[in-house]
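# Descriptive analysis of the structure
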Amino acid sequence: MNQFTQFRCCWLALPFVAASVVTFAQAKPGVGMTTAISGALADVHLVAPVADGQWTMPAGDYGNTRYSPLDQINSGNAGNLHVVGKVSTGIFHGYEGSPLVVGSTLYIVTPFPNDLIAIDLTKPGFPVKWRFHPNPEIDAMGKACCDVVNRGASFADGKIIYNTLDAHTLAVDANTGKQVWKTQVGDLQNGETLTMAPVVVNNIVFVGNSGGDFGVRGALTALDARTGKILWKAYSTGPDSDVRIGPDFKPFYAKDQGKNLGVSTWTPDQWQRGGGTVWGWISYDPELNLIYYGTGNAGVWNSDSRPGDNKWSVTIWARNPETGMAKWAYQIEPHDSYNYDEVMENILVDMPWQGRMRKLLIHPGRTGFVFVMDRETGELLSASEFEPVTWAAGYNLKNGEPIRNPDMVPHYGQYTEHICPSATGAKEIVPSAFSPKTGYLYIPAHNTCMDFEDTTANYIAGTPYVGANVRMYPGPGGYQGEFIAWDVAHARKVWSIKEPYFPVYSGVLATGGDLAFYGTMDGYFRAVDDRTGKVLWQFKTPSGIVGNPMTFTGPNGKQYVAIYSGIGGWMGSVDFPDVSSSDPYAARGAVGAMRDIKSATHPGDFLYVFSE
Amino acid sequence: MSSANKHIAVLLFLIAGATYVIGCHSSANPPPVAAGGQPIGVYAPNSSVNGTLYHLSPVDDDPVSVQDGRRLFVWYNCSGCHGTHGGGAIGPSLRDPVWRYGSSDAQIFNSIAQGRPQGMPTWGAKIPEIQIWELVAYIKSLGTSREPDPPLEPADEAVNNPLQYSSTAPGTPIARSRRQ
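Residues numbered from 1 in each chain as written. Chains lettered and ligands numbered in written order. Predicted model: local features only at pLDDT ≥ 70, side-chain atom pairs only at ≥ 80, totals over all residues.

This brings us to the overall build of chain B. A tally of helices and strands in chain B yields six helices and two strands. Along the chain direction, N to C, the helices and strands of chain B fall in the order α-β-β-α-α-α-α-α. The proportion of buried residues among the 180 residues of chain B is 36%. Summarising the internal contacts of chain B: among those between residues at least 6 apart in sequence, 59% fall at separations of at least 24. (Helix = DSSP H or I, 4+ residues; strand = E, 2+ residues; numbered from the N terminus. Buried ≥ 20, exposed ≤ 12 C-beta atoms within 10 Å, placed from the backbone. Contact = placed C-beta atoms within 7 Å.)

In structure tokens form, the structure reads like this:
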């Protein structure tokens, strides 16, 4: 095709040779095997290929490591990073995802109205090639709990595939910018929206819904990437047939075993409004042929009104991608009392664990624990606190149950105080990264606590279904955000950068250049030495950063790093004029912790591109 | 203006309003209809006649109605979008002096009854007119001394994070009222 393709071939040659050597030793060769990465710690393997110069899916790789081996920008020259491109979209809402790069084109999906913008990387100044307007229904803006965000797209079969807020999935020709297909996936009038970034495996598109605060019934939908036809739908609540549980379902713990738990662990019919929405990240292990994802909070927030475990809210799933049938499930917080959506990233790494090689699933959770699981069986290997937690003392690894603090259970009509973390979690949806060179997980963390009161909630279709008064405030220790390097093998914090005023609400990128990148809510974008935590470079962007950094190789052979600057999302929405700073309960209680953001930064609509 | 003229003016205004409502009936978009089947009124933004402002609200700022409005604000999930105490979330803040569709009683009534394009549902067909006026009365009370159940600050905000900076002077601890 051009210079870029040639360049990529050269670049890719080395890691790919290494990959094939490793994978040939095993049963079936090829893309998708776990593979050794150049410079990685002994026996630490990732799902191949990692982001190798392009960025074709939300995390860059199926294993969700957000690790790129590119090392042209490295700890030796990060100080030279400077702006080489800037794009403004004209849409001022939260930019939570990251762009894609396919060949010599960069693709931006904006927040509502979800325009798709193609940027030409071959020309100076990165001009716009085309802009696609899907024109979603405007009343979708009133069904989105936490700003009208969109977390990005996937590239497959020559198409850019992404979701619009009004519950449609669509595919756009990556070259021409023309729509190829569009499929309705949810029911907007009942409060169902789409904000997540689809992932495509073997031409099957996985789309999860949003609306956990509207009494929506969570579901993962699979579509044919070629036609948009719906293949199957796996609900998060209801009878086993709806949840796609069959004879192959083998949950590790007794608490997750039994028939039709998606019905019997609820008061009658409450499962139909029971949440467990699927608005986060999806991982894929090609060797085990399983996809992994988490489900959100139980609906309604008022947990007094729904006795029972409320399955399968707040659950990690392993499913077959072709059939959608479940392999295992692990409910992290039975009877969710705190809005702890566990839709966070599930990072897939093969590495030694307590003396033997294990296929790990690493899940830094909203609940405040880093969960390390065996992704073949669903066994919980470790759950370690990474920010102050008061709701539970830890996890019982024998039965998989949290060890709850009974004083921290909210009830109707009274405030339970000092619950940590807050409903926004010890981390939000923004994803961590893992470097195979350090063995560290890089976690964007929050230290926010809350007072929580259950209240009466009426279900009125298409309106919020919450039933709780919440007010948040910074947790103990004099900081509210923390960028953490977490040693996975030893389950401990190695170093961290404390952010005094605001949570860390950006995703993370780790690179072969010994760097970790992250952004702050007041707009700083930083390159950090991934072993020491030393800040090697930073740049102040105009708005707060709630997006995910990514890296790519341009048509000219240079490595670039890109980040959105546009504050928003749940906690970031406090910056918007629509939210009053005089009411700590506003923005679902986030104002109490976030009101100072209004003086620190303002809404933005930028993509910044840097090189050294 | 003489008293007689004033009465004639009011009468003319009411006739005009009634004509407007009836006119709407024949259009493609009929006005909202309350649960009982009676059409909900559509109100002119400024109900003034020759410079005199007339309150259309039958309840105005009557304290009992304001308290009822508070209850209805939660009951009908207004709080779900606009916040427990109207500070905003999915829908805009009702506490700040910014009004997309106008701040008069009639304009707020119409926003509730008719709905607004960015997601505000149409309530006129679902709840009685008098309750909409009570909601208007509650919304108008927000941030005033008449507000029932005003928002209280989280108990320990100032204690837990002495480093939290204030909007006026970064680095200065904020003294905040403790909830008792």
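A separate point is the overall build of chain A. Looking only at helices and strands, chain A features six helices and 40 strands. Counting only C-alpha atoms, chain A reaches 65 × 55 × 50 Å along its principal axes.

In this structure, Ile160(A), Ile362(A) and Leu441(A) are the most contacted members of the largest nonpolar core, which totals 211 residues. Ranked by residue count, the leading element in this core is helix H5 (residues 129-141) of chain B, at seven residues. Aside from chain neighbours lying at most four places away, what touches Leu441(A) is Ile347(A), Ile362(A), Pro364(A), Val370(A), Ser432(A), Phe434(A), Trp486(A) and Val488(A). (Core = buried A, V, L, I, M, F, W, Y, C linked by C-beta atoms within 7 Å.)

Moving on to the sheet that holds strand E38 (residues 550-553) of chain A. All names here are of chain A. The four strands lie next to each other as E4-E40-E39-E38, forming an open sheet whose pairing is antiparallel. On the outer flanks of this sheet lie strand E4 (82-88) and E38, each paired with one strand and no other. Within this sheet the neighbouring strands show an average axis-to-axis angle of 25°, counted without direction. In the sheet, E38 pairs with strand E39 (residues 559-565) via four bridges, with the strands oriented antiparallel. (Pairing = 2+ DSSP bridges. Axes fitted to C-alpha atoms, helices over the stretch in contact; angles between N-to-C directions.)

Quick look at the interface of chain A and chain B now. Between chain A and chain B, the contact holds 41 residues from the first and 38 residues from the second. Counting only elements with at least two residues in the side of chain A that touches chain B, the list comes to strand E31 (468-474), helix H5 (591-594) and helix H6 (597-600) of chain A. The leading source of residues in the side of chain A that touches chain B is E31(A), at four residues. Classifying every residue of the side of chain A that touches chain B by side-chain character gives 19 nonpolar, twelve polar and ten charged. (Nonpolar A, V, L, I, M, F, W, Y, C, P; charged D, E, K, R; others polar.)

Residues and elements named next belong to chain B. One can describe the packing of helix H4 (residues 105-114) onto H5 by two numbers: an axis separation of 9 Å at closest approach and a directional angle of 125°. Classed by the angle they form, the pair H4 and H5 counts as oblique. Seen along the crossing, H4 lies across H5 with a hand that is right-handed. Counted together, Asp105, Ile108, Phe109, Ile112 and Ala113 of H4 and Ile132, Trp133, Leu135, Val136 and Ile139 of H5 form the full contact between these two elements. For the contact of H4 with H5, the residue count by class is nine nonpolar, no polar and one charged. (Parallel < 35°, antiparallel > 145°, perpendicular 65-115°, else oblique. Left-handed = near helix turned anticlockwise from the far one by under 90°.)

Now for the confidence of the model for chain B. Residues and elements named next belong to chain B. With 56% of its residues at a pLDDT of 70 or more, chain B shows a mean pLDDT of 72. Below pLDDT 50 for its whole length, residues 8-28 participates in 14 contacts with residues either more than four positions away or in separate chains. Considering only residues more than four positions removed or in separate chains, one finds that residues 156-180, a stretch of pLDDT under 50, has 39 contacts. Here the predicted complex carries an ipTM of 0.88, next to a pTM of 0.89. (pLDDT = per-residue confidence, 0-100.)

The subject of this paragraph is H5(B). Because each turn of an α-helix spans 3.6 residues, side chains separated by three or four positions end up pointing in the same direction. Residue and element names in this part refer to chain B. With 13 residues, H5 extends 19 Å from end C-alpha to end C-alpha; this agrees with the ideal 18 Å at 1.5 Å per step. Of all 13 residues making up H5, eleven are buried, and the element is well covered by its neighbours. Every buried residue belonging to H5 is among Gln131, Ile132, Trp133, Glu134, Leu135, Val136, Ala137, Tyr138, Ile139, Lys140 and Ser141, and all of these are buried. If you follow the buried residues of H5, they end up packed against helix H2 (63-75), helix H3 (78-82) and H4. (Expected span 1.5 Å × (residues − 1).)

Residues and elements named next belong to chain A. Burial analysis of strand E18 (residues 290-294) places five of its five residues in the buried class, which makes it a mostly covered element. Going residue by residue along E18, you find Leu290, Tyr292 and Gly294 tucked away on one face and Ile291 and Tyr293 tucked away on the opposite face as well. Of the pairings in the sheet, the one linking strand E17 (residues 283-285) to E18 comprises three bridges and is antiparallel in character. Residue tyrosine 284 lies in a different strand from E18, and its bridge partner there is isoleucine 291. One ladder, built from four bridges, connects E18 with strand E19 (residues 315-319); its direction is antiparallel. Bridging from a neighbouring strand, tyrosine 292 pairs with alanine 318 of E19.

Another aspect to go through is the sheet that holds E31(A). Residues and elements named next belong to chain A. Pairing in this open sheet of three strands is antiparallel, and the strands run E27-E30-E31 from one edge to the other. The sheet is open, and its two borders are formed by strand E27 (416-419) and E31, each paired with just one other strand. Averaged over all adjacent pairs, the angle separating strand axes in this sheet is 20°, with direction ignored. Bridge analysis of E27 against strand E30 (residues 448-454) gives two bridges, and the strand direction is antiparallel. When the bridges of E30 are listed, threonine 416 appears paired with phenylalanine 452.

As a further point, take unusual backbone geometry. Residues and elements named next belong to chain A. Of note, the bond from alanine 48 into proline 49 is cis; its omega dihedral lies within 30 degrees of zero at -10°. Among the secondary structure elements, proline 49 is positioned in the loop between strand E2 (45-47) and strand E3 (67-68). The omega torsion across cysteine 420 and proline 421 is -5°, close enough to zero to call that bond cis. Despite not being glycine, asparagine 203 has its phi angle at roughly 65°, a positive value. Examined against the element boundaries, asparagine 203 turns out to sit in the loop between strand E13 (199-201) and strand E14 (204-208). The residue aspartate 514 is not glycine, and still its phi comes out positive at about 60°. Position of aspartate 514 relative to the elements: it lies in the loop between strand E34 (509-511) and strand E35 (515-519). In this structure aspartate 514 comes out as buried when scored by C-beta crowding, with 21 C-beta atoms within 10 Å.

All names here are of chain B. Of all the positions in H4, only Asp105, Ile108, Phe109, Asn110, Ile112 and Ala113 are classed as buried. Tucked into the core, H4 has its buried residues touching H5. Looking one or two residues past H4, glycine 115 carries a phi angle of roughly 80°, positive in sign.

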